[in-house]
Amino acid sequence: MIGLMMQQPLLVASLLTHAARHHADQEIVSRRVEGDIHRYRFVDLGVRSRRMANALAALGIQPGDRVATLAWNGYRHLELNFAVSGSGAVLHTINPRLHLDHIAYIVEHADDRAIFFDLTFLPIIEALQARLTTPRLFVAMCDASHMPAGNDSLLCYESLIDSHSSDFEWPLMDENTASSLCYTSGTTGNPKGVLYSHRSTVLHSYAGALPDTFNCSARDAILPVVPMFHVNAWGLPFIACMVGAKLVLPGPALDGKSLYELIEAEQVTMSAGVPTIWQGLLSHVSGQSRAFSSMKRTVIGGAPCPTAMAAQFQKVHEVDVLHAWGMTELSPLGTVCNLKPHQLALPEDARYAVQAKQGRAVFGIDMKIVDPNGKSLSWDGEAVGDLLVRGPWVASAYFGDASSQPLRDGWFPTGDMAKIDRDGFMQITDRSKDVIKSGGEWISSIDIENIACLHPGVASATCIGVRHPKWDERPLLLITRTSGSTLEKDELLAFLDGKLARWWKPDDVLFLDSFPLGATGKVLKAKLREQYGDHYGSSGAPKQA
Ligand code: ADP
């Protein structure tokens, strides 16, 4: 028997309609590329998104067409989320930090009809214009007075808005219609396109707002530091519309000082970003305690959150840390580390040990760990296996790549190695390609990094497996020091004694000024392996510095 409830499709535009109607006066504050702070309300977002939807139709954008952005987090980018997806086209958010070859590749691969860009990215646009063979529309996201001189091929965003009416009805469509497209960062091979649907986006927003996920409400002021070009800012702009939270968008200014000023000026209550961003913010407020007058919590994900970072936020600044795991193919939410009641009473060290885990599955995500034969492993907190997931916001295939069949028996292999404890807390031990294989056993590079970061002289730590004549691979620890630190190898190795299994102890430690970072701010371990792969040579003895 079929239920008798309405068939109302889950559509991205309904998030905007709801926000504009029920939270009309709630603010959206943006730091603009032009340098100033811009503010308006959800009702204004609604009006301008509808104007832009009319402009897109006048430009000939059809349902299903891809419309790309090269843009920071700001109100115009937000408008495009609704104008493009809401009218049935597909918003393709391009990561401007990718190599130009990769950007050109994905523009061609996605066959973007139009590219909207912030002025910061004009050099990328001009380089693309010189390379791309098919004609495309290029729209500068500024007003007429800021239009770049000497390039007649560009359209002006504000002129498009001004010349179109806000009279527009968001079309009803199948909720499985594609809404946006995001390419993985291509740390291995060419980037792959993940094509989200209206349904997956709305369901992901419901799940993201839940108390044990990000706990968002109309009383929040949310600052997504994570860019919209990095998996739709982890869904936060949509979540803010769903719950009516104030949105604070940081534009291009992602340094510690600018973020801190924005957080305080706009009384931000929650934020989200990768660890490298928080390192900048924490060093800006170092020496202070309780530096944040309004911030209650921050989501840290995309890479492991070092325990030392969680402790600094929580103990020094009384800001809760929500350690989260996800990936482009998961829209991106998979797990969030919110403690269960019995864990609240644990001694401090044990609590931090739980928080070092990536957390429990958000409702909607089903996960399991398997051995190399695909056999499920037990959730005992010990067994390590390949992490597989499934759910309504998990990719089932890649865009424009009919030959790739990523699923294994209906499950998506994440490429991460993990263990899961009895409480269902998942902990990533490594990306499968980063795991260190020593004497037939596995060493978790993440565990070693986490412990090294507890030393006050360590700013950041990266551990890689390096070829070894006897053990196949042995760990090499690479460190950047905190400013003023004179930490040396012997002191750090002595510090690790007793905190790691003896055979996990790195055979050598090197001190670097910085690590090579990829387009989403993660350390490029593959590049470090290339550079230091022979460090233990044919004898197994570390090369002398
Ligand atoms: P890529 O880095 O290839 O672009 P994503 O940006 O989608 O891909 O990142 C997904 C990967 O990032 C995950 O598969 C996992 O390896 C890593 N990751 C994400 N969050 C965490 C976390 N909290 N701890 C450890 N690793 C994480």
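Only a predicted model underlies this, so the values are computations on that prediction, with no experimental measurement involved. (Residues numbered from 1 in each chain as written. Predicted model: local features only at pLDDT ≥ 70, side-chain atom pairs only at ≥ 80, totals over all residues. Heavy atoms only, no water.)

Novice: Even after reading the chapter, I still don't get the overall build of the protein chain, so can you show me in this structure?
Specialist: A count of helices and strands for the protein chain gives 17 helices and 25 strands. Taking 2.2 N^0.38 as the reference for a compact globule, 545 residues should give roughly 24 Å; the C-alpha atoms of the protein chain span a radius of gyration of 24 Å, in line with that estimate. The principal-axis extent of the C-alpha atoms belonging to the protein chain is close to 70 × 65 × 55 Å. Put simply, the protein chain has 545 residues, and 57% of those count as buried. Counting only contacts in the protein chain whose residues sit at least 6 apart along the sequence, the fraction spanning at least 24 positions is 67%. Of the roughly 22800 Å² that the protein chain leaves accessible, carbon and sulfur atoms contribute 51%. (Helix = DSSP H or I, 4+ residues; strand = E, 2+ residues; numbered from the N terminus. Rg over C-alpha atoms; globule rule 2.2 N^0.38 Å. Buried < 20%, exposed > 50% of the residue type's maximum accessible area, 1.4 Å probe, protein only. Contact = heavy atoms within 4.5 Å. Areas by Shrake-Rupley, 256 points an atom, 1.4 Å probe, with all protein chains shown as cover.)

Novice: I would appreciate a short explanation of the sheet that holds strand β17 (residues 366-370) in the present structure.
Specialist: Adjacent strands of a sheet pair through backbone hydrogen bonds, lying either parallel or antiparallel. One open sheet accounts for four strands, arranged β17-β18-β19-β20; its pairing is antiparallel. In this open sheet, the two strands that pair with only one neighbour each are β17 and β20 (426-431). Taken pair by pair, the neighbouring strands of this sheet meet at an average axis angle of 45°, ignoring direction. Of the pairings in the sheet, the one linking strand β19 (residues 412-420) to β20 comprises five bridges and is antiparallel in character. Across the sheet, the residue bridging to I420 is M426, located in β20. (Pairing = 2+ DSSP bridges. Axes fitted to C-alpha atoms, helices over the stretch in contact; angles between N-to-C directions.)

Novice: Help me out: how do you make sense of the pairing of strand β4 (residues 90-93) in this one?
Specialist: Two faces make up the sheet, and in a regular strand the side chains alternate between them. Burial along β4 is two-sided: V90 and H92 facing one way and L91 and T93 facing the other are all buried. Summarising the sheet, strand β3 (residues 66-70) and β4 pair through four bridges and their orientation is parallel. For V67, the partnering residue across the bridge sits in β4 and is L91. With respect to chirality, the unit in which β3 leads through helix α3 (residues 75-86) into the neighbouring parallel β4 is right-handed. (Right-handed = clockwise from strand over helix to strand, strands pointing away.)

Novice: Hey, could you run me through the site of the ligand in this one?
Specialist: If you check the shell around the ligand, you find 16 residues, and the closest are S185, A324, T328, D416 and K522. P304 places a polar main-chain atom, nitrogen or oxygen, 3.3 Å from a nitrogen atom of the ligand. Within the contact set of the ligand, an oxygen atom lies 2.6 Å away from a side-chain nitrogen or oxygen of K522. Against a free-state accessible area of 570 Å², the protein chains account for coverage of 94% of the ligand. A per-element tally of the shell around the ligand places strand β14 (residues 320-326) first, with four residues. Grouping the constituent residues of the shell around the ligand by class yields five nonpolar, eight polar and three charged. (Near = heavy atom within 4 Å. Polar contact = N/O pair within 3.5 Å; in protein donor to acceptor, adjacent residues only side chain to side chain. Nonpolar A, V, L, I, M, F, W, Y, C, P; charged D, E, K, R; others polar.)

Novice: For this particular structure, what's the right way to read the packing of aromatic side chains?
Specialist: One pair of aromatic rings is described through two measures. These are the centre distance and the angle between the planes. Using the criterion set out here, one finds 10 aromatic pairs in the structure. With centroids separated by 6.0 Å and ring planes inclined at 85°, the aromatic side chains of F82 and F238 adopt a geometry described as edge-to-face. Of this pair, F82 sits in helix α3 while F238 is found in helix α9 (residues 236-243), placing the two residues 156 residues apart along the sequence. Taken as a pair, F82 and F238 share a single burial class, namely buried. With a centroid separation of 6.5 Å and an interplanar angle of 35°, the aromatic rings of F292 and F313 are classed as tilted. Of this pair, F292 sits in the loop between α11 (275-284) and β13 (297-301) while F313 sits in helix α12 (residues 307-317), and the two are 21 residues apart along the sequence. (Phe/Tyr/Trp six-rings, centres within 6.5 Å; stacked < 30°, edge-to-face > 60°.)

Novice: Help me understand the pattern of salt bridges, please; the structure alone is not making it clear to me.
Specialist: Two side chains bearing opposite charge may form a pair once their charged atoms approach each other closely. A complete count under the given rule lists 33 salt bridges for this structure. Note that E158 and R48 form a salt bridge whose closest N and O atoms lie 2.8 Å from each other. Placement of E158 in helix α6 (residues 157-162) and of R48 in helix α2 (residues 42-58) is noted, with a sequence separation of 110 residues between them. Neither residue differs from the other here; E158 and R48 are each classed as buried. Two residues, R360 and D212, come together in a salt bridge whose shortest N-O distance is 2.8 Å. One end of the pair, R360, is in strand β16 (residues 360-361); the other, D212, is in the loop between α7 (198-209) and β10 (221-224), with 148 residues separating them in the sequence. The class of R360 is buried, set by a relative accessible area of 18%. (Salt bridge = Lys/Arg side-chain N within 4 Å of Asp/Glu carboxyl O.)

Novice: Quick question: what am I supposed to make of the pairing of strand β5 (residues 112-117) here?
Specialist: Most of β5 sits inside the fold, with five of its six residues counted as buried. With five bridges connecting them, β3 and β5 associate as parallel partners. Residue pairing for β5: L70 is matched across the bridge by F117. Here β5 pairs with strand β6 (residues 137-140) via four bridges, running parallel. From the neighbouring strand, A114 faces β6, where its bridge partner is L137. Each parallel crossover has a hand, and for β5 linked through helix α5 (residues 122-131) to β6 it is right-handed.

Novice: Can you help me understand the side chain of N450 in this one?
Specialist: Position of N450 among the secondary structure elements: in helix α15 (residues 445-452). Not counting the four nearest positions on each side in its chain, N450 is found in contact with C305, P306, T307 and A356.

Novice: Sorry if this is basic, but what is going on with the environment of L454 here?
Specialist: Relative to the helices and strands, L454 is located in the loop between α15 and β23 (458-468). A C-alpha to C-alpha distance of 48 Å links L454 and A89, two positions 365 residues apart in sequence. Contact partners of L454, with chain neighbours within four places excluded, come to T307, A308 and F495.

Novice: Can you walk me through the packing of helix α4 (residues 100-110) against α5 in this structure?
Specialist: In contact at an axis separation of 11 Å, α4 and α5 are set at 60° when each is read in the N-to-C sense. For the element pair α4 / α5, the angle class is oblique. For the element pair α4 and α5, the recorded crossing hand is right-handed. In contact with L100, D101, I103, A104 and V107 of α4, α5 contributes I124, A127, L128 and R131. Considered class by class, the residues forming the contact of α4 with α5 number seven nonpolar, no polar and two charged. (Parallel < 35°, antiparallel > 145°, perpendicular 65-115°, else oblique. Left-handed = near helix turned anticlockwise from the far one by under 90°.)

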